[in-house]
Amino acid sequence: MATTTKIRARALVRASGGPRYAVALAVDALGTGLLRPFLLLYGVTVLRLSAPATGIAMTAGVVVALACMPAVGRWLDRGARSAVVAASMLVRVVGVVLLLAAPAGHVWLFAGAALFLGIGNQAWPAAHAAVVATVAHGRERDAALAAGRALRNAGLGAGALLAAACLAGGTTALQALAAVTGLAYLAAAALAWSVHLHARPAAAPARDSADGPAPRMRALLAANVVYVFCLNVPEVALPLVLVTRLHASPAWSAAVFVANTVLVVTLQVPVTVLMSRFSRRTVLAVAGVVLAASYLGFLAATSLGHGWAAPAVAAVSVVCTIGEIIYAGSATALVTALAPAPVLGRALARFQLSTGFGLAVSPAVITVLASHGSAALWGGLAAATLVSASAVATEKDQGSPGGAVAGGGPSRPAARDR
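Residues numbered from 1 in each chain as written. Predicted model: local features only at pLDDT ≥ 70, side-chain atom pairs only at ≥ 80, totals over all residues. Heavy atoms only, no water.

## Structural notes on the overall build of the chain
Phase 1 of the analysis: The helix and strand tally for the chain stands at 16 helices and 2 strands.
Phase 2 of the analysis: Looking at the chain as a whole, 53% of its 418 residues qualify as buried.
Phase 3 of the analysis: The long-range fraction of contacts in the chain, counting pairs at least 24 apart against all pairs at least 6 apart in sequence, stands at 84%. (Helix = DSSP H or I, 4+ residues; strand = E, 2+ residues; numbered from the N terminus. Buried < 20%, exposed > 50% of the residue type's maximum accessible area, 1.4 Å probe, protein only. Contact = heavy atoms within 4.5 Å.)

Laid out in structure tokens, this is it:
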């Protein structure tokens, strides 16, 4: 099994789709960071909608947007790459236009905006992973996927900080941020389109049929629904526990979120490269163990005295972030390695469906568990994650004796170590 032992910036940019594509990702992430964290605030303050109506519209938009993933997968399997990425950005421009056109009190236009924004947000991860899987192979591809995540988190964080600084301007500032976001999406789409990357189906192994089914990966997809809860721990679970249970200052929640972002940006690539000496499936199982350990750590931290609980929770959040980094660096990479080239798009679409579903239901599940106490919340998450890690570790890959399957990129040989 080839491993990546060094990080070469120029090679990483090339493996990620090239300089123009990297700029497109940065611009897209910056624009997303300007608006996405404040979309609820936009509905409440600019459009004067009730908070429940705004939240329901946003959730419905995300859930309904998942229905686009089968079509995205089929489009990718016809060879489209940069065109799908550009489309995921352009469809969000439509969402921003609807947002700016919505009059006060008009919940349906806001819901339409949330739907188009959701379609773009759901389609982008699969399309981006397909681009990287087409350009790069082996462990270089894993590092490139990690670099894309680090770049996106940096852009999201920078955009959110810039937007937070502008919020003093009130509703006018929010409308201006939405307009700038639309322009950023438009510019990013143009840059992504200019890459003109298209897969060549003829390069796929002859034994693979473009009309064949994508690998089922049932255990992996089910486990991913649970794994993805870790992405909402800093944004949902920890603020809920710190502020409502421990009565700590909201500054602790902000510090945890900032630390999470900084750690992901700085460590995503190095940790992914470090773990490349192990199989992707093993690494993903290890991620589940680390996440489960962090959940038990949160349980222990919340039982400490009032003065120690909040700092302990913040310290354990670092372990949780490390688990998140290991998970993010191995999960998509494993899918691209398992899927034959002609059905890569459908495999990535299925994986994104599981991710999107987990992200959609996790806030509700977390809040319900938290209402039954810390043991129910952290113990339940730890148990579910350990079961998921076990399922990932024991699932057999499809395709060849011993469970091996052909790699996910064009013209790659079969690989036994996942």
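## Brief notes about a nonpolar patch on the surface
Phase 1 of the analysis: On the surface, a nonpolar cluster with roughly 290 Å² of combined accessible area is contributed by L90, L183 and L186.
Phase 2 of the analysis: Secondary-structure assignment places L183 in helix α9 (residues 171-194).
Phase 3 of the analysis: Relative accessible area serves as the criterion here: at 57%, L183 is assigned to the exposed category. (Patch = residues over 30% accessible without salt bridge, like charges linked within 9 Å, V, L, I, M, F, W, Y side chains within 5 Å. Areas by Shrake-Rupley, 256 points an atom, 1.4 Å probe, with all protein chains shown as cover. Salt bridge = Lys/Arg side-chain N within 4 Å of Asp/Glu carboxyl O.)

## Side note on the pattern of salt bridges
Phase 1 of the analysis: By the definition in use, this model includes 8 salt bridges.
Phase 2 of the analysis: Residues participating in the shared-partner salt-bridge network are R139, R141, D142 and R280.

## With respect to the environment of F116
Phase 1 of the analysis: By the element assignment, F116 lies in helix α7 (residues 107-135).
Phase 2 of the analysis: Taking relative accessible area as the criterion, F116 reaches 28% and is therefore assigned partly exposed.
Phase 3 of the analysis: The spatial distance from the C-alpha of F116 to the C-alpha of S88 is 9.3 Å, given a sequence separation of 28 residues.
Phase 4 of the analysis: If we ignore the near neighbours within four places in the chain, the residues touching F116 are V91, R92, V94, G95 and L98.

## Some points on the confidence of the model for the chain
Phase 1 of the analysis: Residue-level pLDDT values for the chain average 87, and 90% of them are 70 or greater.
Phase 2 of the analysis: Within the chain, strand β2 (residues 414-415) has the poorest average pLDDT of any element, 34, and helix α13 (residues 280-302) the best, 97.
Phase 3 of the analysis: The low-confidence segment residues 1-5, where pLDDT is below 50, has 15 contacts with residues more than four positions distant or belonging to other chains.
Phase 4 of the analysis: Counting interchain partners and residues more than four positions distant, the pLDDT-below-50 stretch residues 202-211 has 15 contacts. (pLDDT = per-residue confidence, 0-100.)

## With respect to the nonpolar core
Phase 1 of the analysis: Residues Y227, Y295, F298 and W378 are the most contacted members of the largest nonpolar core, which totals 85 residues.
Phase 2 of the analysis: If one sorts the elements of this core by residue count, helix α14 (residues 306-338) sits on top with 15 residues.
Phase 3 of the analysis: Setting aside residues up to four positions removed in sequence, F298 forms contacts with V233, L238, V313, V316, S317, C320 and W378.
Phase 4 of the analysis: Within the second largest apolar cluster, 22 residues are counted, among which are Y42, L99, A113 and L177. (Core = buried A, V, L, I, M, F, W, Y, C linked by side-chain atoms within 4.5 Å.)

## Description of the packing of α7 against helix α8 (residues 138-166)
Phase 1 of the analysis: Two numbers describe how α7 lies on α8: the axes approach to 9 Å, and their chain directions differ by 140°. Comparing their axes, α8 and α7 come out oblique. For the pair α7 and α8, the sense of crossing is right-handed. Together, W124, H128, A129, V132 and A133 of α7 and R141, A144, L145, G148 and R152 of α8 make up the contact between the two elements.
Phase 2 of the analysis: In the contact of α7 with α8, the residues fall into 6 nonpolar, 2 polar and 2 charged. (Axes fitted to C-alpha atoms, helices over the stretch in contact; angles between N-to-C directions. Parallel < 35°, antiparallel > 145°, perpendicular 65-115°, else oblique. Left-handed = near helix turned anticlockwise from the far one by under 90°. Nonpolar A, V, L, I, M, F, W, Y, C, P; charged D, E, K, R; others polar.)

## Regarding the packing of aromatic side chains
Phase 1 of the analysis: Applying the stated criterion to the full structure yields 3 aromatic pairs.
Phase 2 of the analysis: On the basis of an interplanar angle of 35° and a centroid distance of 4.6 Å, the ring pair of F298 and W378 is categorised as tilted. Taken together, the residues span a long stretch of sequence, with F298 in helix α13 and W378 in helix α16 (residues 374-394) at a distance of 80 residues.
Phase 3 of the analysis: Residue class for F298 comes out buried when judged on its relative accessible area of 0%.
Phase 4 of the analysis: Taken together, the ring pairs connect Y295, F298 and W378 into an aromatic cluster.
Phase 5 of the analysis: A cation over a ring is seen here: R92 above Y185, with NZ or CZ 4.7 Å from the ring centre. (Phe/Tyr/Trp six-rings, centres within 6.5 Å; stacked < 30°, edge-to-face > 60°. Lys NZ or Arg CZ within 6 Å of the ring centre and 35° of its normal.)

## Here we look at unusual backbone geometry
Phase 1 of the analysis: Of note, R48 is a non-glycine position whose phi angle comes to about 60°, a positive value.
Phase 2 of the analysis: Looking at the element boundaries, R48 is found in the loop between α3 (39-46) and α4 (51-65).
Phase 3 of the analysis: Using a relative accessible area of 65% as the deciding quantity, one classes R48 as exposed.
Phase 4 of the analysis: In this structure, H196 takes a positive phi of about 55° despite not being glycine.
Phase 5 of the analysis: Within the fold, H196 resides in the loop between α9 and α10 (218-227).

## Some details on the packing of helix α2 (residues 19-35) against helix α6 (residues 82-101)
Phase 1 of the analysis: Running from amino to carboxyl end, α2 crosses α6 at an angle of 25°, the nearest separation of the two axes being 12 Å. The angle between α2 and α6 falls in the class roughly parallel. The handedness of the crossing between α2 and α6 comes out as left-handed. Contacts between α2 and α6 pair Y21, A24, L25, D28, T32 and L35 from the former with V85, M89, R92, V96 and L99 from the latter.

## What about the side chain of E324?
Phase 1 of the analysis: Structurally, the position occupied by E324 is in helix α14.
Phase 2 of the analysis: Discounting chain neighbours no more than four positions away, the residues touching E324 are R149, C230, L231, N260, V264 and L291.

## Things to note about empty space enclosed by the protein
Phase 1 of the analysis: The final tally for this structure, using the stated rule, is 1 cavity of 30 Å³ or more.
Phase 2 of the analysis: Its boundaries defined by the atoms lining it, the largest cavity holds a volume of some 80 Å³.
Phase 3 of the analysis: Taken together, R139, D142, V271, T272, M275, S276, R280, V283, I325, I326, G329 and S330 make up the lining of the largest cavity.
Phase 4 of the analysis: Counting only elements with at least two residues in the lining of the largest cavity, the list comes to α8, α12 (250-274), α13 and α14. (1 Å grid on protein atoms, 1.4 Å probe; cavity = no way out; pocket = protein on both sides within 12 Å on 5 of 7 lines; lining within 4 Å. Points joined across faces, edges and corners; volume = space filled by probe spheres on them.)

## Some thoughts on the environment of A133
Phase 1 of the analysis: Mapped onto the elements of the fold, A133 is located in helix α7.
Phase 2 of the analysis: C-alpha separation for the pair A133 and T336, spaced 203 residues apart in sequence, amounts to 6.7 Å.

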